[in-house]
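# Reading the structure
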Number of protein chains: 2
Amino acid sequence: MDLKTYIRDIPDWPKEGVLFRDITPLLGNKDSFKYAIDAIANHYRDKKVDIVLGAEARGFIIASALAYKMGCGFVPARKPGKLPYATCYAEYELEYGVDKLEMHEDAIKPRDKVLIVDDVIATGGTAAAKVKLVEQLGGEIVGVAFLIELTFLNGRKKLEGYDIFSLISY
Amino acid sequence: MDLKTYIRDIPDWPKEGVLFRDITPLLGNKDSFKYAIDAIANHYRDKKVDIVLGAEARGFIIASALAYKMGCGFVPARKPGKLPYATCYAEYELEYGVDKLEMHEDAIKPRDKVLIVDDVIATGGTAAAKVKLVEQLGGEIVGVAFLIELTFLNGRKKLEGYDIFSLISY
């Protein structure tokens, strides 16, 4: 299945000069949605993953379906102040300044095998923050998976030494 | 399985006097996560659902896994300005003022059978907004499902005439 036919290009969004890859048609079609989730799951089928970690908001969509498919637990990483229990955090750089991702401090146990998933890898900043969160809690990172990789932004450089898998590349 | 044993009570969150029901332990455990998704799917198994609709952010988690399990497409409803393509919207009341939920205007086709899903029904305001969004686009609402129902807030009153299903009640 050519998944790119289910992705809609939106020029100048969220700002001028950016070509946004809109995955909502892919998610909304039962066949492409199932195909994409199954393909990522298949890549990790022998890895005995315990936890699939996704960050809000679009990352939740991919990570939750994948966790269900793989028979794993789902753990959310969220923007500051959104999680109700005790949290740990990791920072990542924005164009101007820094921001944080938070995770519950009991969400991952030492030696849990964790798969980190997101919809898109661009500069890799938030993915690197998720790696830091998992390792703070002693989790073992099985891989970092993306639906889409924007290769020209070189996000992989921030994830050297980890198993990176992306289903669709631009 | 007693799903309540996987829900953590957080007193005074997000503000004093509110007892928050934290579902992250339920999501993070592979057995309770699978049990909850399967139980909701089972309730709608003969309904020929086309689309599962979830609103950001926690709604995405339940709706995406459920869409995968049921072999449906997943459609997101989002806060204003988050969706990149042409949108429709519906309003809902806040404690002070109103807010909006948006959906892509091509996300649902006339006569699509749509299951609306969220993590919690409290006052029912955002669920009613999702109902309006689906009906604006001509979709047929098969049901409105929740992981948790806070029965003392009477949210069902805003959804009269629809099939409402909740897995856990307080």
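The structure we're discussing is the one just above.
Below, the structure is looked at part by part.

Conventions used here
- Residues numbered from 1 in each chain as written.
- Chains lettered and ligands numbered in written order.
- Predicted model: local features only at pLDDT ≥ 70, side-chain atom pairs only at ≥ 80, totals over all residues.
- Heavy atoms only, no water.
- Axes fitted to C-alpha atoms, helices over the stretch in contact; angles between N-to-C directions.
- Helix = DSSP H or I, 4+ residues; strand = E, 2+ residues; numbered from the N terminus.
- Left-handed = near helix turned anticlockwise from the far one by under 90°.
- Contact = heavy atoms within 4.5 Å.
- Nonpolar A, V, L, I, M, F, W, Y, C, P; charged D, E, K, R; others polar.
- Patch = residues over 30% accessible without salt bridge, like charges linked within 9 Å, V, L, I, M, F, W, Y side chains within 5 Å.
- Areas by Shrake-Rupley, 256 points an atom, 1.4 Å probe, with all protein chains shown as cover.
- Salt bridge = Lys/Arg side-chain N within 4 Å of Asp/Glu carboxyl O.
- Lys, Arg positive; Asp, Glu negative; His and termini not counted.
- Charge placed at Lys NZ, Arg CZ, Asp CG, Glu CD.
- Buried < 20%, exposed > 50% of the residue type's maximum accessible area, 1.4 Å probe, protein only.
- Pairing = 2+ DSSP bridges.
- Expected span 1.5 Å × (residues − 1).
- Least-squares fit on C-alpha atoms with pLDDT ≥ 70 in both.
- Buried area = accessible area lost by both parts, 1.4 Å probe.
- Polar contact = N/O pair within 3.5 Å; in protein donor to acceptor, adjacent residues only side chain to side chain.

### As for the packing of helix α2 (residues 30–43) of chain B against helix α3 (residues 58–70) of chain B
Residue and element names in this part refer to chain B. α3 packs onto α2 with a crossing angle of 65° between their chain directions and a minimal axis gap of 9 Å. Considering the relative orientation of α2 and α3, their crossing is right-handed. From α2, Phe-33, Ile-37, Asp-38, Ile-40 and Ala-41 reach across to α3, where they touch Ile-62, Ala-65, Leu-66, Lys-69 and Met-70. In the contact of α2 with α3, the residues fall into eight nonpolar, no polar and two charged.

### Focus: a positive patch on the surface
On the surface, Lys-79 and Lys-82 of chain A together with Lys-79 and Lys-82 of chain B cluster together into a patch of positive charge. Along the polypeptide, Lys-82 of chain A turns up in the loop between β4 (73–77) and β5 (87–93). Looking at Lys-82 of chain A, the relative accessible area reads 35%, which means it is partly exposed.

### Overview of the sheet that holds β4 of chain A
All names here are of chain A. Read across the open sheet, the five strands follow the order β4-β3-β7-β8-β9; overall the sheet is parallel. In this open sheet, the two strands that pair with only one neighbour each are β4 and β9 (164–169). Across the sheet, the mean angle separating the axes of adjacent strands is 20° when strand polarity is ignored.

### Describing helix α3 (residues 58–70) of chain A
Its 13 residues give α3 of chain A an end-to-end C-alpha distance of 19 Å, which sits within 8% of 18 Å, the value for a rise of 1.5 Å per residue. Looking one or two places after α3 of chain A, you find Gly-71 of chain A, whose phi comes out positive at around 70°.

### Describing the environment of Ile-141 of chain A
Residues and elements named next belong to chain A. If you trace the backbone, Ile-141 turns up in strand β8 (residues 140–149). Sequence separation between Ile-141 and Ile-116 is 25 residues; the distance between their C-alpha atoms is 7.5 Å. Residues in contact with Ile-141, not counting those within four places in the same chain, are Val-114, Ile-116, Val-131, Val-134, Glu-135 and Tyr-162.

### Comments concerning the sheet that holds strand β3 (residues 51–55) of chain B
The strands that make up a sheet are held in pairs by hydrogen bonds between backbone atoms, and each pair lies either parallel or antiparallel. Residues and elements named next belong to chain B. Taken in spatial order, the five strands make up an open sheet running β4-β3-β7-β8-β9, and their pairing is parallel. Two strands in the sheet have a free side with no partner beyond their single neighbour: β4 (73–77) and β9 (164–169). Each neighbouring strand pair of the sheet contributes to a mean axis angle of 20°, computed without reference to strand direction. Across five bridges, the pairing between strand β8 (residues 140–149) and β9 is parallel.

### A closer look at the relation of the copies chain B and chain A
Between chain B and chain A, the superposition needs a rotation of 180° and an axial shift of 0.0 Å, giving an RMSD of 0.0 Å. The superposition of one copy onto the other is thereby described by a two-fold rotation axis. Within chain B, the C-alpha atom positioned nearest to the axis of rotation is that of Ala-65 of chain B, 2.0 Å from it. The fraction of interface residues of chain B whose copies in chain A are also interface residues reaches 100%, indicating that both copies meet through the same surface.

### Describing the interface of chain B and chain A
With 38 residues of chain B at the contact, the number on the chain A side is 38 residues. Counting each side, the surface lost to burial between chain B and chain A is near 3000 Å², with a carbon and sulfur contribution of 64%. Run the count over chain B and chain A and you get two salt bridges. Here chain B is connected to chain A by 14 residue pairs in polar contact (both at pLDDT 80 or more). Where the side of chain B that touches chain A is concerned, the elements lending two or more residues are β1 (8–11), β2 (19–22), α1 (24–28), α2, α3 and β4 of chain B. The greatest single-element share of the side of chain B that touches chain A, amounting to eight residues, is contributed by α3 of chain B. Here the side of chain B that touches chain A is built from residues that sort into 19 nonpolar, eight polar and 11 charged.

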